[in-house]
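# What the coordinates show
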Amino acid sequence: MSDKQADPDMKGWLYKWTNYLKGYQKRWFVLSNGLLSYYRSQAEMLHTCRGTISLHGAVIHTEDSCNFVISNGGTQTFHLKASSEVERQKWVTALELAKAKAIRQLESGDFSSTTTEDEDEEDVSESGRDDVSNTLKVLTAKLEDLRTCHDLIMKHGAALQKSLAELEALDNTQDLTAKIKTVNERATLFRISSNAMINACNDYVDVSGTAGRKWQRLLQHERDQRLRLEDMVEQLARQHSHLEQEAKEQMNQAMPPGLQGPVPSSAPVAVNEYRPPDPNPEQVKEVLSGHSHSEDEEENEFEDAVEELAENFIVHVNTSQAHRRSNSNVSQASEGHGVGDTVSASSSEGDGQDNTVQVIMRKDNNTDSSYSLSDEMASLNGSQATTPTDGVVAQANGRPKRQRRIRVPDKPNYPINLWSIMKNCIGKELSKIPMPVNFSEPLSFLQRLTEDFEYSDILDRAVQIEDSCEQLSLVAAFTVSSYATTAVRTAKPFNPLLGETYECDRTDDLGWRALNEQVSHHPPIVAQYVEGTSGWHSWQEFSMSSKFRGKYLQIIPLGIAHLKFLASGNHYTWRKVSTTVHNMIVGKLWLDNHGEMEIVNHKTGDKCCLKFIPYSYFSREIPKKVTGYVVDSEGTFKWFITGTWDEKIEACRVTSQSMRAGKPVYETGPPKVLWKRNPIVPDSEKYYNFTKLACQLNEPEENVSPTDSRHRPDQRLMEEGMWDEANAEKLRLEEKQRATRRRREAEAEQAATEGREYPPYCPTWFVKETDDVTGALIFRFTHEYWDCKEKQEWSRCPDIF
C-alpha cells in the first residue's frame, strides 16, 4: 500500500504460511478498499508490497481456533494464522465486511474506492476519490428518497382513485358529504406526495449537476497532469538523445582520422557500416584501450569491422541451458536439458547470468556454398502470398477461375457511447460480454482464424526442403505471418454460435481448403483442419483466456497448433503468443503481440524458439520485433531468425562459433527473407482494414453448409451497413442459443432424475480423441464434410440461425 491511500479498514500482524522450510512467518497485513496486502514490516508500506489479494469473489473459511484461509479461485491463496481466536475472529469479520462492500461497489459501478493494479498507475488524488465517493453516497440517498416518494404517490393515487369510484357509485345523498371529505383528504395527501416527489427530483438534479461540474474539473485536472507528464518524458527523451549524440562525437574525436566513423548508438545491438582504409588492428586495440567504456567488447567490435562488412544483433536464449555440443565443443548445460527449453528476456531471479548471445551476420555474398541457403529457400526472398490480385485469375489449364470480390462495403460512421457499455464489462470473460456490432468487424472468428493461412505459400516452399532445421525456420516464418494483419485490425470478430461452421475451399488458387467448427461454447473452442494440395496438413483447436481490465484487453491463447508434412513425416506443434489491446477507453486502439513461442519437430527433436518482444516506450528495440533461433536435437544452433511480426522475417544460417569475453558469438551467412507482408490495400481503412483475402472470406457462396458463417444474418447485415438491424438480429441469435442450452440442461436434469444417461453435445464434423503426439484431448476432423458437401447431405446440421 502506498502512503497516499485512505485509512485502512484494518491492519495488524498475522502469520502467513510461506513454505515447508520456513513455515509460518510474521507479516504486517493491511486491509483497505477491498484488498488485503502484506509487508515484511510496517516500514515497507512506503515502498514495497509483498503481495495483494482481491476480496471480490474470494472465499474466506476458518480451519481451527487461530487459522483461516483466503482464496480467490485458485490463482491466489493465503494461509494465515492469528495470535488468538479473538484476533482471528476480528480479521474474519473485517474481511467479510470488506468483501461485501467490494461486491456492492462493483455491482453499482462505484470503482472510485476500489484500488486495482491499473488504478495504481493513475495519478488520482485522494481528495478527488473521496469527493466521488461522497457524491455517490448522496446521490444514492436522493435516489432512495425518489423511490419512497414514488411508492407514496402510487399508494395515495390508488386510494384517491378508489374514493372517486365510490363517490360516483354513491346512491344515497346522505353519505355524500362524508365521501367528499374523504376524497379531499386523499387528494391532499396525493398533492403532498407529488410535491415531495418534485422537491426530491429537484434535489437530485441539483446534486448531480454540481457533481458533474466538479467531476469535469477533476477530469480536466487529470488531463493537465497527463500532458505535463508527457512533456516531461519528451524532454527527457530529447536530453537523452542529445547526450547520446555528444558521446558519439566525443568518441569520434578521440580516435585517429582513419578510424572515425559511425559508432554504435545503443546496446546491445551494434551495427558497423564502414570499412576503414587498411587500418592496423593493433592500432585499433591501442586506441580502444584508452577511449572505450568496455575494452573487450569494443575491441572485438572493431576487429569485426576490420575483417569485413557485417551486422551484429542480439538473440535472447537461456545460456544456463546452452547447447550440449557445438562446433567449438563448448558446453554450458547440465545433463538432461537442451537449448530452447526456456527462452527469456532476462535471467531467472537471483542467478545474475546474461542470457543473450551475439550473432554476427555477414553482409557479403562470398560465403562458402556449404553454408548458403538452398535454392528453394533462396527463391523465397521477397516472398508474397498468392492471394489473387485481380477478380479473375487464369488456372494452369487456361480456364478462368472463380471471380471473387476484392473489397466489402465501406464501414458506416455510427457514434456510440463507449463508457456506457464498457463499464459493465470489467472483470468479465470476453466471450460472455454482450458486445454490439459497433465494436466488431463483419467476420466470424472462424473466418478470422482462416486468415492464418494467407501466406500459405511459405508452407508450399517448405515442403520441398529436405533439411529439417531449414524447414523449421520456414515454419517459424509462417507462424509469425499470421499476426501481420493484427497491427491494424483492432475490431473484434463475431463470437461463433455453438455448431457454427466455416469452410474455405481455395484449392483452385491458393492450394488449400479449410473447415472450422465451434465445437464448444463454455469454454468457447474452435476446431480447425486445413489441407494443402502440395503435401501438408494443419489442424488446431483454439481457445483463449481473456480479461477486460478497463484500459486494456488481454487475450491468452490456450490451444495447440499442429502442422505435418506428408512426404517427410515432420510433425510440428506450437502455441500462439499473447495479444494485448490497449486504450480500450480513451485514445486510439492499438495492439501488441508479445511472449515466447516454441515450435517443436516431434520427429527429429529440432526446436525453434521465437521471442515476440513487448512494446515499451523506453525500449531501444524497434517496435514489434521478433528474434529467435533454431537448434537441432543435439542442441546445436543452426539458424538465427530476426524481423518484425507486421513486416518481414529473415533467417541466416550459422557458419561458425567462437567465445569472446566468456560469451558465445555466432557468425552466420547473409540473411534471406523468409516472409514479407503484402502491400496494404489503398483505402482499406474505409472497410475495416481488410486484406483482399479477408474481403473474400464472407463472400456468399453456394452449396455450403446451412451452419456456415456466410449464412449468419447479423454478420451479413453489418457488412451491408445496417448496424441497428444487425444488433437486433444478434440479440435474437444469442437468445436462441441460450434457449437451446436451457432446453438441453432441462433434458439432462430430467434424464438424471429418471436414471438415464443423457448424451453430451457432440460436434458435427469433429470427434474428441486423445492426441498421439501431445497426449492431450483434441477434436480430430472426421473427413466427412467434403463428401457430404458433394452429395448436399446436410441432415446432421443443427438449426442455429
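The shown structure was predicted, so the numbers you read here are calculated from the model rather than taken from an experiment.

### Examining the overall build of the protein chain
Counting its secondary structure elements, the protein chain contains 14 helices and 30 strands. Of the contacts made within the protein chain by residues no fewer than 6 positions apart, 59% connect residues no fewer than 24 positions apart. In the structure as shown, the protein chain presents an accessible area of about 41400 Å², 51% of it carried by carbon and sulfur atoms.

### Structural notes on the environment of Lys624
Tracing the sequence through the fold places Lys624 in the loop between strand E23 (607-612) and strand E24 (625-631). Judged by relative accessible area, which is 25%, Lys624 ranks as partly exposed. What Lys624 contacts, discounting residues up to four positions off in sequence, is Ala487, Gly643, Thr644, Trp645 and Asp646. Separated by 3.3 Å, the side chains of Lys624 and Asp646 make a polar contact.

### Considering the pattern of salt bridges
Summed over all chains, the structure comprises 39 salt bridges. Here Asp467 makes a salt bridge to Arg653, at a shortest N to O gap of 3.7 Å. One end of the pair, Asp467, is in the loop between helix H9 (457-463) and helix H10 (468-481); the other, Arg653, is in strand E26 (residues 648-660), with 186 residues separating them in the sequence. Glu734 is paired through a salt bridge with Arg738; the nearest N and O atoms lie 3.8 Å apart. Within this pair, Glu734 and its partner Arg738 are both found in helix H13 (residues 723-754), separated by 4 residues, close to a single helical turn. The exposure class of Glu734 is buried, given its relative accessible area of 15%. The exposure class assigned to Arg738 is partly exposed, which follows from its relative accessible area of 32%. Overlapping salt bridges, with partners in common, bring together Lys730, Glu734, Glu735, Arg738 and Arg742 in one network.

### Considering H10
Turn by turn, an α-helix covers 3.6 residues, leaving residues three or four places apart pointing in a common direction. With 14 residues, H10 extends 20 Å from end C-alpha to end C-alpha; this agrees with the ideal 20 Å at 1.5 Å per step. Judged by how many residues are buried, H10 sits mostly within the fold: 14 of 14 residues are covered. Two to three positions downstream of the cap, the backbone nitrogen of Cys469 sits 3.1 Å from a side-chain oxygen, assigning the N-cap of H10 to Asp467.

### Overview of the packing of aromatic side chains
A full pass over the atoms with the stated rule returns 24 aromatic pairs. Measuring from ring centre to ring centre gives 5.5 Å for Phe640 and Tyr666, while their planes differ by 55°; the resulting arrangement is tilted. Residue Phe640 is found in strand E25 (residues 637-644), and its partner Tyr666 is found in strand E27 (residues 663-668); the two are separated by 26 residues along the sequence. Considered together, Phe640 and Tyr666 belong to a single accessibility category, that of buried residues. Taken together, Phe453, Phe478, Trp512 and Trp536 form an aromatic cluster joined through their ring pairs. Here the guanidinium or amino end of Lys16 rests over the ring plane of Phe78, the centre of that ring lying 5.3 Å away. One Lys or Arg, Lys624, reaches over the ring of Trp645 and ends 5.6 Å from the middle of that ring.

### Side note on the nonpolar core
Counting 70 residues, the largest nonpolar core has Ile599, Leu610 and Phe612 as its most contacted members. With 8 residues, H10 is the single largest residue contributor to this core. Once residues lying within four places of it in the same chain are set aside, the contact partners of Ile599 are Leu472, Val475, Ala476, Thr479, Tyr572, Thr573, Trp574, Asp606, Lys607, Cys608 and Leu610. If you look at the next biggest cluster of nonpolar residues, it comprises 20 residues, including Leu55, Ala58, Phe78 and Leu95.

### Some remarks on empty space enclosed by the protein
Any empty space left between the atoms is revealed when a probe the size of a water molecule rolls over them. For the structure on display, the rule yields 9 cavities of 30 Å³ or more. Reported here for the largest cavity is a volume of approximately 90 Å³. Taken together, 13 residues make up the lining of the largest cavity; nearest its centre are Asp452, Phe478, Gln540, Trp574 and Lys576. Residues that form the lining of the largest cavity fall into these classes: 6 nonpolar, 5 polar and 2 charged.

### Some details on unusual backbone geometry
His522 connects to Pro523 through a cis peptide bond whose omega is 0°. As for its position among the elements, Pro523 is in the loop between strand E14 (512-521) and strand E15 (524-532). Phi at Asp683 takes a positive value of approximately 60°, unusual for a residue other than glycine.

### Some details on the environment of Leu553
On the secondary structure map, Leu553 appears in strand E18 (residues 552-557). Measuring from C-alpha to C-alpha, the distance between Leu553 and Leu591 comes to 9.4 Å, with 38 residues separating the pair along the chain.

### Structural notes on the environment of Ser568
As for its position among the elements, Ser568 is in the loop between strand E19 (561-565) and strand E20 (571-574). Residues Ser568 and Trp536 lie 32 residues apart in sequence; the distance between their C-alpha atoms is 9.9 Å. When near neighbours in sequence (up to four residues on either side) are disregarded, Ser568 contacts Gln471 and Lys603. Within the local environment of Ser568, its side chain forms a polar contact with the side chain of Asn570, the two groups lying 3.2 Å apart.

### Side note on the side chain of Ser468
Among the secondary structure elements, Ser468 is positioned in helix H10. The class for Ser468 is buried, based on a relative accessible area of 16%. Contact partners of Ser468, with chain neighbours within four places excluded, come to Asn570, Tyr572, Asn601, Thr604 and Asp606.

### A few points about the sheet that holds strand E7 (residues 77-81)
One open sheet holds the 7 strands; their spatial order is E4-E3-E2-E1-E7-E6-E5, and the pairing between them is antiparallel. Of all strands in the sheet, those with a lone pairing partner are strand E4 (51-54) and strand E5 (59-62), marking the two edges. Put simply, the sheet's adjacent strands are angled 35° from each other on average, direction ignored. Pairing of strand E3 (residues 35-39) with E4, which is carried by 4 bridges, proceeds in the antiparallel orientation. Bridged to Tyr38 within E4 is Gly51.

### Brief notes about the pairing of E18
As paired elements, strand E17 (residues 544-548) and E18 share 5 bridges and run antiparallel to each other. Looking at E18, one finds that Ser545 is bridged to Ile556. Two successive antiparallel strands, E17 and E18, enclose a turn made up of 3 residues, where Gly550 displays a positive phi of approximately 90°. With 4 bridges connecting them, E18 and strand E21 (residues 578-582) associate as antiparallel partners. Directly across from Ile555, in E21, lies its bridge partner Thr579.

### Here's the deal with a nonpolar patch on the surface
On the surface, a cluster of nonpolar side chains totalling about 410 Å² of accessible area is made up of Tyr615, Tyr617 and Phe618. Inspection of the secondary structure assignment puts Tyr615 in the loop between E23 and E24. On the basis of relative accessibility, which here comes to 42%, the residue Tyr615 falls in the partly exposed class.

### Concerning H13
Here H13 contains 32 residues, and its C-alpha end-to-end distance of 46 Å stays within 8% of the 46 Å for a straight helix at 1.5 Å per residue. Taken together, the buried positions of H13 are occupied by Trp723, Ala726, Asn727, Glu729, Lys730, Leu733, Glu734, Gln737 and Ala751. Elements in contact with the buried residues of H13: strand E12 (492-494), E14 and helix H12 (713-719). Once H13 ends, the next one or two residues include Gly755, with phi positive near 80°.

### Some thoughts on the state of the cysteines
Think of a disulfide as a covalent bridge from one cysteine sulfur atom to another cysteine sulfur atom. Under the counting rule described, the total for this entry stands at 0 disulfides. The thiol sulfur of Cys149 is not disulfide-bonded, and the nearest other cysteine sulfur, from Cys201, lies at 7.8 Å. Since its relative accessible area comes to 10%, Cys149 is described here as buried. The thiol sulfur of Cys469 is not disulfide-bonded, and the nearest other cysteine sulfur, from Cys608, lies at 9.8 Å.

What counts, and at which threshold
Sequence order as written defines the numbering, with residues in each chain counted from 1. Under the rules for a predicted model, residues below a pLDDT of 70 receive no local features and side-chain atom pairs below 80 are neither given nor counted, while totals for whole chains, interfaces and linings still include all residues. Side-chain measures were taken over the full set of non-hydrogen atoms in the model, leaving aside hydrogen atoms and water. Helix and strand labels come from DSSP, where a helix needs a run of H or I of at least four residues and a strand needs a run of E of at least two; each type is numbered from the N terminus. In this description, contact between two residues means that some pair of their heavy atoms is separated by no more than 4.5 Å. Areas reported as accessible are Shrake-Rupley estimates using a 1.4 Å probe. Residue values count occlusion only from the protein chains shown. Burial classification: accessible surface area is computed with a 1.4 Å probe over protein chains only, and a residue below 20% of its type maximum counts as buried, one above 50% as exposed, and the rest as partly exposed. Between N or O atoms, a polar contact is any pair within 3.5 Å; within protein, one atom must be a potential hydrogen donor and the other a potential acceptor, and residues adjacent in sequence are included only when both atoms are from side chains. Throughout this description, the term salt bridge denotes a Lys or Arg side-chain nitrogen within 4 Å of a carboxyl oxygen of Asp or Glu. In this scheme, a helix's expected span is set at 1.5 Å multiplied by one less than its residue total. What counts as a ring pair is set by centres within 6.5 Å for rings of Phe, Tyr and Trp (its six-membered ring), and what kind of pair is set by the plane angle: stacked under 30 degrees, edge-to-face over 60, tilted for all other angles. The rule is short: NZ of Lys or CZ of Arg within 6 Å of the ring centre and within 35 degrees of the ring normal puts a charge over the ring. Side-chain atoms within 4.5 Å link the members of a nonpolar core, which is a set of buried Ala, Val, Leu, Ile, Met, Phe, Trp, Tyr and Cys residues. Cavity means a closed set of points on a 1 Å grid over the protein atoms alone, one where a 1.4 Å probe fits but cannot get out, pocket means an open set with protein on both sides within 12 Å along at least 5 of 7 lines, and lining means a residue has an atom within 4 Å of a point. Grid points are joined across faces, edges and corners, and a volume is the space filled by probe spheres set on the points. Here the nonpolar group is Ala, Val, Leu, Ile, Met, Phe, Trp, Tyr, Cys and Pro; Asp, Glu, Lys and Arg are the charged ones; every other residue, Gly included, is treated as polar. Two strands are said to pair when DSSP picks up at least two bridges between them. Axis lines are fitted through C-alpha atoms, for helices just across the contact stretch, and the angle between N-to-C directions can take any value from 0 to 180 degrees. Distance thresholds for patches are 9 Å for like charges and 5 Å for nonpolar side chains (Val, Leu, Ile, Met, Phe, Trp, Tyr), applied to residues having over 30% relative accessible area and no salt bridge. Two cysteine sulfurs form a disulfide in these notes if their separation is within 2.5 Å.

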